[in-house]
Amino acid sequence: MIKRNSWLVIVLLLFVACQPNKQKNEVQENRPILMVTIEPLRYFTEAIAGPRFTVESIVPRGSSPETYDPTPAQLLALADSRAYLRIGSIGFEQVWMDRLMANAPDLPVFNTSQGIDFILEDEGAEPHVWTSTVNARIIADNIATALCTLDSTHTAEYLHRRDSLMAVIAQTDSLCRSLLLRPDADRTFLIYHPALSYFARDYGLHQLPIEEAGKEPTPARLKALLDLCQKEKVNIIFVQPEFDRRNAELIARQTGTRIIPINPLSYDWQSEIIKAAKALAPNNNSK
Ligand SMILES: [Zn+2]
C-alpha cells in the first residue's frame, strides 16, 4: 500500500513538473513565425518583436550564408511563416530568394537593407551590412516598419522596443569610436573573409581580405599581403569559424601578427563588434 502511494506521488509530481513547460511550448507554438536569413538579423528582429513573434533564422549556426541551401523542412516551415525578413543581398538570398517566393507566393518579404549606402563591388553590393552600427540603425528602422505593417495594433510597442535597440547600437558605436579613433589604434587589419567592410568604413579603417573573390589566395596575393603587413604595420588577423585558417596562420608566422577569432555571424551582435574594436585598440594589444 505504501509503495503504491509513493508511486502515485511520483506520477503526480511528474505531471505537475511537466505542466508549465507544456503550457510554455503551446504559447510559443501559437506565436506567428518570422523567418530571417542570419543570426544577427534574428537578434535585431527579436529585440523589436519581443514576445509577439517567434523569430527563426534560415541559415543555421556554423553555416555560411554565402553557400547555404535550405532543407525541405525549412521550405515547408517558410510557407507557414508570417513574413520573411532578408538582410539584403547575401549569397543565400541571391541564389534562393526567387525560389523561396515561388514556393510561398503570399509570404510578405521585407528587405531590411533598404536605404543603406552600399559599398559597390564588381558583383553588386557588398553584403556584410550588419557589421556596422551606422547600418544597424537603418536595419532596426526597417524591421520596426515591417512589424508595424504586419501588426499595426501594437505599433507603439514595436517603436518603443526599436528605441531600446537604438540605445544599444549607439552605446556600441560610441565604445568603438573611443577605442578606434585613438591616434595609436591600428588603422589596417587582415581578415580571411571580408565580413568587416562596413565596420572598416564607419571608423576609417583599411580592411585587407586574405581570400580573393571568395577563393583561396594565390601565392602572388599572399606575397603582396606580406608586403602590405610590413608597410601598413598590421598587427591583427581576424579569422571566422566558417573559413579555413591555414593561410592566416601562414601570414601570422611570417609577420608576427596575431590571429583573433571573431564571429560576425553570431547572434551576439554587440559583443562581436566590440571584440573587433578592442583587438585593434592599443591598450588591448599584448605587444
Ligand atoms: Zn560573408
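Right above here is the structure, for reference.
These lines cover the structure that appears in this document, whether it is placed above or below. (Residues numbered from 1 in each chain as written. Predicted model: local features only at pLDDT ≥ 70, side-chain atom pairs only at ≥ 80, totals over all residues. Heavy atoms only, no water.)

## As for the sheet that holds strand β8 (residues 206-209)
We apply this condition: Only strands that DSSP links by at least two bridges are regarded as paired with each other. By definition, any uninterrupted DSSP run of H or I lasting at least four residues is a helix, any uninterrupted run of E lasting at least two residues is a strand, and each is numbered from the N terminus. Orientation is described by lines fitted to C-alpha atoms, with helices fitted over the stretch in contact, and by angles between N-to-C directions that extend from 0 to 180 degrees. Between two residues, a contact is recorded if the distance between any of their heavy atoms is within 4.5 Å.
Here we have four strands laid out as an open sheet, ordered β8-β7-β9-β10, and parallel in their pairing. The open sheet has two edge strands, β8 and β10 (258-261), and neither has a second partner. For this sheet, the mean inter-axis angle between neighbouring strands, taken without regard to orientation, is 30°. When strand β7 (residues 188-191) meets β8, the two strands line up parallel, connected through four bridges. Across the sheet, residue Ile191 finds its bridge partner in β8, namely Pro209. In this fold helix α8 (residues 219-231) packs onto β7 and β8, with an angle of close to 150° to the strand it touches most, β8. Along the sheet, helix α9 (residues 246-255) makes contact with β7, β9 (236-239) and β10, crossing β9 at roughly 170°.

## As for the coordination of the zinc ion
Rule in force here: Each metal's donors comprise the N, O and S atoms found within 2.8 Å of it (within 3.2 Å for Na, K or Ca). Water is not part of the atom list, so some coordination spheres may appear incomplete. Site shape is set this way: if four donors have all angles between 85 and 135 degrees, tetrahedral; if opposite donors are over 155 degrees apart and all others between 65 and 115, square planar for four donors and octahedral for six; otherwise irregular. Between buried and exposed lies partly exposed: a residue is buried under 20% and exposed over 50% of the maximum accessible area for its type, with that area taken using a 1.4 Å probe on protein chains only.
Around the zinc ion, the donor atoms from the protein are Glu66 (OE), Glu66 (OE), His128 (NE2) and His193 (NE2), and they sit 2.0 to 2.7 Å away. If you look at the zinc ion, its four donor atoms make angles of 52 to 147° with each other, and the shape they trace is irregular. Each donor residue of the zinc ion lies on the same chain, and together they follow the pattern E-x61-H-x64-H. Residue Glu66 is found in the loop between β2 (54-57) and α3 (72-79), and its partner His128 is found in the loop between β6 (124-125) and α5 (133-150); the two are separated by 62 residues along the sequence. Classification of His128 by relative accessible area gives buried; the value is 4%.

## Describing the pattern of salt bridges
Two side chains with opposite charge may pair up if their charged atoms get near one another. In plain terms, the rule: A pairing counts as a salt bridge when a side-chain nitrogen of Lys or Arg comes within 4 Å of a carboxyl oxygen of Asp or Glu.
A complete count under the given rule lists 15 salt bridges for this structure. Between Arg245 and Glu249 there is a salt bridge whose closest N-O contact spans 3.1 Å. Classification of Arg245 by relative accessible area gives partly exposed; the value is 35%. Note on Glu249: relative accessible area 31%, which makes it partly exposed. Taken together, the salt bridges that share partners define one network made up of Glu39, Arg42, Glu46 and Arg61.

## Side note on unusual backbone geometry
Phi at Ala213 takes a positive value of approximately 50°, unusual for a residue other than glycine. One can find Ala213 in the loop between β8 and α8. For Lys233, which is not a glycine, the phi torsion comes out positive at approximately 50°. Mapped onto the secondary structure, Lys233 falls in the loop between α8 and β9.

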